[in-house]
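Next come the chains, spelled out residue by residue.
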Amino acid sequence: MLDIQDNSIAITLDDGTVETWKILFYYHNEEREKDYYFIYKDEDEDSIVVMASKDGETLEECSEEELEERVY
């Protein structure tokens with residue numbers, strides 16, 4: 001489940017632990033009907049990860065095809 005507040009996203013993992021990540025960039029892709037989050041750990045700003053959500057509840061890894069698309 002996702003909890004977004006103040007440019008941060010709290011992610012509950014499968015084991016029940018919660019991790020807080022900062023949101024660098026967010027966008028919604030109408031064609032894919034997905035939200036994309038560019039997130040990083042506050043203590044490691046170089047560790048940017050791109051995740052997607054189709055339901056607003058869960059995150060999934062982006063495919064190579066999604067990562068190669070350009071955002072305009």
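What comes next concerns the included structure. Computed from a predicted model, the values in this text were never measured in an experiment.

Taken as a whole and assessed by the stated rule, the structure comprises five aromatic pairs. Here Phe-25 and Tyr-27 contribute two aromatic rings whose centre-to-centre distance is 6.0 Å and whose plane-to-plane angle is 40 degrees, an arrangement assigned as tilted. Here Tyr-27 and Tyr-36 contribute two aromatic rings whose centre-to-centre distance is 5.1 Å and whose plane-to-plane angle is 15 degrees, an arrangement assigned as stacked. Of the aromatic side chains, those joined through ring pairs into one cluster are Phe-25, Tyr-27, Tyr-36 and Phe-38.

Once that is clear, we can look at the sheet that holds strand S6 (residues 60–61). Sheet strands pair via backbone hydrogen bonds, and the direction of the pair is either parallel or antiparallel. Spatial ordering of the open sheet is given by S1-S2-S3-S4-S5-S6, a layout of six strands whose pairing is antiparallel. The sheet is open, and its two edges are formed by strand S1 (2–5) and S6, each paired on a single side. In this structure, S1 lies alongside strand S2 (residues 8–12), joined through four bridges in antiparallel fashion. Directly across from Ile-4, in S2, lies its bridge partner Ile-9.

Moving on: the environment of Glu-66. With respect to the helices, strands and loops of the structure, Glu-66 is situated in helix H1 (residues 64–68). Each C-alpha atom, one on Glu-66 and one on Ile-9, is 21 Å from the other, the two residues being 57 residues apart in sequence. Beyond its immediate stretch of four places on either side in the chain, Glu-66 contacts Arg-32, Lys-34, Tyr-36 and Glu-61. Within the local environment of Glu-66, its side chain forms a polar contact with the side chain of Tyr-36, the two groups lying 2.4 Å apart. At 2.8 Å, the side chain of Glu-66 forms a polar contact with the backbone nitrogen of Ser-63.

Conventions adopted
Residues numbered from 1 in each chain as written. Predicted model: local features only at pLDDT ≥ 70, side-chain atom pairs only at ≥ 80, totals over all residues. Heavy atoms only, no water. Phe/Tyr/Trp six-rings, centres within 6.5 Å; stacked < 30°, edge-to-face > 60°. Pairing = 2+ DSSP bridges. Helix = DSSP H or I, 4+ residues; strand = E, 2+ residues; numbered from the N terminus. Contact = heavy atoms within 4.5 Å. Polar contact = N/O pair within 3.5 Å; in protein donor to acceptor, adjacent residues only side chain to side chain.

So, to be careful, I would describe these as geometric facts and stop short of saying anything about function.
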